[in-house]
Amino acid sequence: QVQLVESGGGLVQPGGSLRLSCAASGTIFSIGAMGWYRQGLGKTRDLVAVVGSGGYTNYEDSVKGRFTISRDNAKNTVYLQMNSLKPEDTSIYYCNAYIATAGDYGMDYWGKGTLVTVSS
């Protein structure tokens with residue numbers, strides 16, 4: 001059984017920084033793309049950033065230049081460094097990863113989410 005566990009959310013003032021982490025555990029054969037999504041109150045869950053297994057990255061336009069996604073393949077962990085945070089970044093942030101366990105072709109897994117609140 002595969003689990004994704006996020007950490008690092010919390011309350012921060014506008015202009016501040018937070019670093020989110022998400023660790024995958026369980027019987028893992030390989031991990032493809034890993035990413036972060038966010039969902040505000042009454043809104044859809046949207047992609048924030050993604051990093052491929054080879055290091056390719058892609059970002060949602062509003063976070064370019066402020067957020068940096070990275071991964072540590074040895075630790076099965078993905079990070080999201082968030083700088084210059086704005087109130088509109090307030091959301092629940094979800095980790096996502098495409099993971100293959102022994103004997104299957106892989107599927108998407110989700111974490112339970114971590115709340116980021118940007119407020120003075």
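Model, not experiment: these values are computed from the prediction.

Considering the overall build of the chain
Line of reasoning, step 1. Per the secondary structure count, the chain includes 0 helices and 11 strands.
Line of reasoning, step 2. When its helices and strands are written in sequence order, the chain yields β-β-β-β-β-β-β-β-β-β-β.
Line of reasoning, step 3. Taking 14 Å as the expected radius of gyration for a compact globule of 120 residues, we find that the chain reaches 14 Å, a close match to that expectation.
Line of reasoning, step 4. When the backbone C-alpha atoms are referred to their principal axes, the chain occupies close to 50 × 25 × 25 Å.
Line of reasoning, step 5. A total of 120 residues make up the chain; the buried ones form 40% of that total.
Line of reasoning, step 6. In the chain, of all internal contacts separated by at least 6 residues, the share reaching a separation of at least 24 is 54%.
Line of reasoning, step 7. Of the roughly 6600 Å² of accessible surface on the chain, a fraction of 50% belongs to carbon and sulfur atoms.
Line of reasoning, step 8. Of note, the chain has its 10 positive side-chain charges centred 4 Å away from the centre of its 9 negative side-chain charges.

Topic: unusual backbone geometry
What you tend to see is this: most non-glycine residues have negative phi, and most peptide bonds are trans.
Line of reasoning, step 1. A positive phi angle, near 50°, is found at Asn76, a position not held by glycine.
Line of reasoning, step 2. Relative to the helices and strands, Asn76 resides in the loop between strand S7 (67-72) and strand S8 (77-82).
Line of reasoning, step 3. We note that Ser84 has phi near 50°; this positive angle belongs to a residue other than glycine.
Line of reasoning, step 4. Here Ser84 lies in the loop between S8 and strand S9 (91-100).
Line of reasoning, step 5. Assessed through its relative accessible area of 41%, Ser84 is described here as partly exposed.

Observations regarding the packing of aromatic side chains
The way to describe two aromatic rings as a pair is by their centre distance and the angle between their planes.
Line of reasoning, step 1. All told, the structure shown has 1 aromatic pair when counted by the stated rule.
Line of reasoning, step 2. Residue placement shows Arg19 over the ring face of Tyr79; its charged tip is 4.1 Å from the ring centre.
Line of reasoning, step 3. The positively charged end of Arg45 is found above the aromatic ring belonging to Tyr94, 3.6 Å away from the centroid.

Examining the nonpolar core
Line of reasoning, step 1. Grouped together as the largest cluster of nonpolar side chains are 28 residues, with contacts concentrated most on Trp36, Leu80, Met82 and Tyr93.
Line of reasoning, step 2. At the level of secondary structure, the elements contributing two or more residues to this core comprise strand S3 (18-25), strand S4 (30-39), strand S5 (46-51), S7, S8, S9 and strand S11 (114-118).

Regarding the sheet that holds S8
Line of reasoning, step 1. Judged by pairing direction, the sheet is antiparallel, and its 4 strands sit side by side in the order S1-S3-S8-S7 without closing on themselves. Bordering the open sheet on either side are strand S1 (3-7) and S7, each of which pairs with just one other strand. Recorded for the sheet is a direction-independent mean angle of 15° between the axes of neighbouring strands.
Line of reasoning, step 2. Strand direction decides the pairing type here: S1 and S3, joined by 5 bridges, are antiparallel. Each bridged residue has a counterpart across the sheet, and for Gln3 the counterpart in S3 is Ser25.

A look at the pairing of S7
Line of reasoning, step 1. Burial along S7 is one-sided: the residues Phe67, Ile69 and Arg71 are buried and none of Thr68, Ser70 and Asp72 is.
Line of reasoning, step 2. Sheet analysis places S7 next to S8, joined by 6 bridges and oriented antiparallel. Residue pairing in the sheet places Phe67 in a bridge with Met82 of S8.
Line of reasoning, step 3. Following S7, the chain reverses through 4 residues before pairing antiparallel with S8; Asn76 in that reversal takes a positive phi of roughly 50°.

Thresholds, definitions, all that
Residues numbered from 1 in each chain as written. Predicted model: local features only at pLDDT ≥ 70, side-chain atom pairs only at ≥ 80, totals over all residues. Heavy atoms only, no water. Helix = DSSP H or I, 4+ residues; strand = E, 2+ residues; numbered from the N terminus. Rg over C-alpha atoms; globule rule 2.2 N^0.38 Å. Buried < 20%, exposed > 50% of the residue type's maximum accessible area, 1.4 Å probe, protein only. Contact = heavy atoms within 4.5 Å. Areas by Shrake-Rupley, 256 points an atom, 1.4 Å probe, with all protein chains shown as cover. Lys, Arg positive; Asp, Glu negative; His and termini not counted. Charge placed at Lys NZ, Arg CZ, Asp CG, Glu CD. Phe/Tyr/Trp six-rings, centres within 6.5 Å; stacked < 30°, edge-to-face > 60°. Lys NZ or Arg CZ within 6 Å of the ring centre and 35° of its normal. Core = buried A, V, L, I, M, F, W, Y, C linked by side-chain atoms within 4.5 Å. Pairing = 2+ DSSP bridges. Axes fitted to C-alpha atoms, helices over the stretch in contact; angles between N-to-C directions.

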